[in-house]
Amino acid sequence: KDPVKILFPARLIKEKGIIELLIAFKSLVKQGFKVELIIAGNIDDGNSSSLKTKEIKEIKKIKRLKILGHVMNMKKLYEEIDIVVLPSWREGLSKTLIEAGAMSKPIITTNVPGCKDIIDHGINGILVPSKDPKSLELAIKFLIYNNKLALKFGRNLRKKVVKSFDQRKINKKTMNVYSLFK
């Protein structure tokens, strides 16, 4: 699409890779790419690495960037975007990536536990090193230039999510583990 809509769906804390993504995004804009960055997440005041109000004011000045805050209807937002980027430094099992995968969205994320458990590099998404804005930039360019492959990544990811991360299956496995402790 024109512009390509990139979604960052996470709290506004440094460990989620927001700073690296902003560096990559500004570089893409400077190079003339027709991209838009949509941030769906709040400041996390209880977290020491949360972005400060002053930093948010500066970020809001960046062209082609929207900060939505907390979004109640993520399904609707996923329908409107083209690429999901979560350049987290570390994760548990990322519900955000599972949701985006269920919506068949191509994903760029980091090669860290929790993210690499969902994304198989080159099969259903792209894994980049953490804390590496240049790798993020190159991965976004790659998906822009290879939009058919990006769509294939999304389809492949949906298959994996349905097979491996269906909530009913997870709940059943969890209950089976709990039953071992009776």
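The structure reproduced in this document is the subject of the present report. (Residues numbered from 1 in each chain as written. Predicted model: local features only at pLDDT ≥ 70, side-chain atom pairs only at ≥ 80, totals over all residues. Heavy atoms only, no water.)

Considering the overall build of the chain
To keep it simple, the criterion reads: Numbering of helices and strands runs from the N terminus, with a helix taken as a DSSP run of H or I at least four residues long and a strand as a DSSP run of E at least two residues long. Radius of gyration: C-alpha atoms only; globule rule: 2.2 Å multiplied by the number of residues to the exponent 0.38. Per-residue accessibility, obtained with a 1.4 Å probe over protein chains only, is compared with the maximum for each type, and a residue is labelled buried under 20%, exposed over 50%, and partly exposed between these values.
Summing up its helical and strand segments, the chain has seven helices and six strands in all. Ordered by position from the N terminus, the helices and strands of the chain form the series β-α-β-α-β-α-β-α-β-β-α-α-α. The C-alpha radius of gyration of the chain comes to 17 Å, within 12% of the 16 Å expected for a compact globule of 182 residues. Each of the three principal axes of the chain carries a C-alpha extent, and together these read 60 × 40 × 30 Å. Taking all 182 residues of the chain together, the buried fraction comes to 47%.

Considering the environment of A102
Definition in use: Contact criterion: two residues are considered in contact whenever any of their non-hydrogen atoms come within 4.5 Å of each other.
Among the secondary structure elements, A102 is positioned in helix α4 (residues 95-102). A102 sits in the partly exposed class, given a relative accessible area of 28%. The sequence separation of A102 and D166 amounts to 64 residues, and the corresponding C-alpha distance is 9.3 Å. Once you skip the residues sitting within four places of it in the chain, A102 turns out to touch R158 and V161.

Description of the sheet that holds strand β4 (residues 83-86)
Stated precisely, the cut-off is as follows: Strand pairing is assigned whenever DSSP identifies at least 2 bridges connecting the two strands. For helices, the axis comes from a line fit to the C-alpha atoms of the stretch in contact; other axes are also lines fit to C-alpha atoms, and the angle between any two N-to-C directions lies between 0 and 180 degrees.
Strand order in the open sheet made by the six strands is β3-β2-β1-β4-β5-β6, with parallel pairing throughout. Each end of this open sheet is capped by a strand with a single partner; those strands are β3 (65-67) and β6 (126-128). The mean angle between the axes of side-by-side strands here comes to 20°, regardless of whether they run parallel or antiparallel. Of the strand pairs in this sheet, β4 and strand β5 (residues 107-110) are connected by three bridges, and their pairing is parallel. Along β5, the bridge assignment pairs V85 with I108. The sheet contacts of α4 involve β4 and β5, and relative to β5 the element is tilted by about 160°.

Considerations on the packing of aromatic side chains
Rules: Classification of ring pairs rests on two measures: the distance between centres of Phe, Tyr or Trp rings, Trp counted by its six-membered ring, which must be within 6.5 Å, and the angle between planes, read as stacked under 30 degrees, edge-to-face over 60 and tilted in between. Cation placement over rings: the criterion is NZ of Lys or CZ of Arg within 6 Å of the ring centroid and within 35° of the ring normal.
Applying the stated criterion to the full structure yields one aromatic pair. Ring geometry for F33 against Y145: centres 5.8 Å apart, planes inclined by 65°, an arrangement best described as edge-to-face. With F33 in the loop between α1 (18-30) and β2 (35-39) and Y145 in helix α5 (residues 133-145), this residue pair connects regions lying 112 residues apart in the sequence. The exposed category is assigned to Y145, whose relative accessible area is 60%. Over the aromatic face of W89 sits the side chain of K131, whose NZ or CZ is 4.4 Å from the ring centroid.

Regarding the packing of α5 against helix α6 (residues 147-164)
Note the cut-off: Angle categories: roughly parallel below 35 degrees, roughly antiparallel above 145, roughly perpendicular from 65 to 115, and oblique for all the rest. In this count, Pro and Cys sit with the nonpolar residues alongside Ala, Val, Leu, Ile, Met, Phe, Trp and Tyr, while Asp, Glu, Lys and Arg are called charged and the others, Gly among them, polar.
Where α5 meets α6, the axes come as close as 5 Å, and the angle between the chain directions of the two elements is 100°. The pairing of α5 with α6 is recorded here as roughly perpendicular in orientation. When α5 is examined against α6, the residues F142, L143, I144 and Y145 are found in contact with a partner set consisting of N147, L149, A150 and F153. For the contact of α5 with α6, the per-class residue count stands at seven nonpolar, one polar and no charged.

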